[in-house]
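# Summary of structural features
Below, each chain spelled out in residue letters.
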Amino acid sequence: MGIGLGITLLVVGAILTFTNLDESYLNTNLDVVGWILMGGGVLALIMGIIQNAQRSKSSHTVIEERRGGPDVIERRDDPRV
């Protein structure tokens with residue numbers, strides 16, 4: 001969600017900043033609003049990339065054991081366990 005939100009904020013901010021919109025109906029400078037939205041979009045993209053990198057570093061341990069036979073099979077995916 002963070003990456004999609006960041007891209008959306010960047011696009012909306014660029015539209016507000018780089019197009020010639022009629023500012024007479026709003027008492028704000030749309031260029032400044034656009035730059036603020038683009039800054040928020042960049043931050044959202046960075047946070048989304050950091051979250052995805054942290055998710056890929058997580059490890060899962062799977063232990064498989066069979067009983068009733070002469071062999072006990074144990075499988076570990078995580079070398080730390």
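Just so we're clear, the structure is a prediction, and the values are computed from it rather than from any experiment.

### Notes on the packing of helix H1 (residues 2-18) against helix H2 (residues 30-56)
- Contact geometry for H1 and H2: axes closest at 7 Å, N-to-C directions at 160°. The angle between H1 and H2 places the two elements in the roughly antiparallel class. In this structure, H1 meets H2 at a crossing whose hand is left-handed.
- Per-class residue counts for the contact of H1 with H2 are 17 nonpolar, nine polar and one charged.

### Topic: the environment of Gly13
- Along the polypeptide, Gly13 turns up in helix H1.
- Excluding anything up to four places from it in sequence, Gly13 contacts Gly34, Leu37 and Met38.

Each value, and the rule that gives it
Residues numbered from 1 in each chain as written. Predicted model: local features only at pLDDT ≥ 70, side-chain atom pairs only at ≥ 80, totals over all residues. Heavy atoms only, no water. Axes fitted to C-alpha atoms, helices over the stretch in contact; angles between N-to-C directions. Helix = DSSP H or I, 4+ residues; strand = E, 2+ residues; numbered from the N terminus. Parallel < 35°, antiparallel > 145°, perpendicular 65-115°, else oblique. Left-handed = near helix turned anticlockwise from the far one by under 90°. Nonpolar A, V, L, I, M, F, W, Y, C, P; charged D, E, K, R; others polar. Contact = heavy atoms within 4.5 Å.

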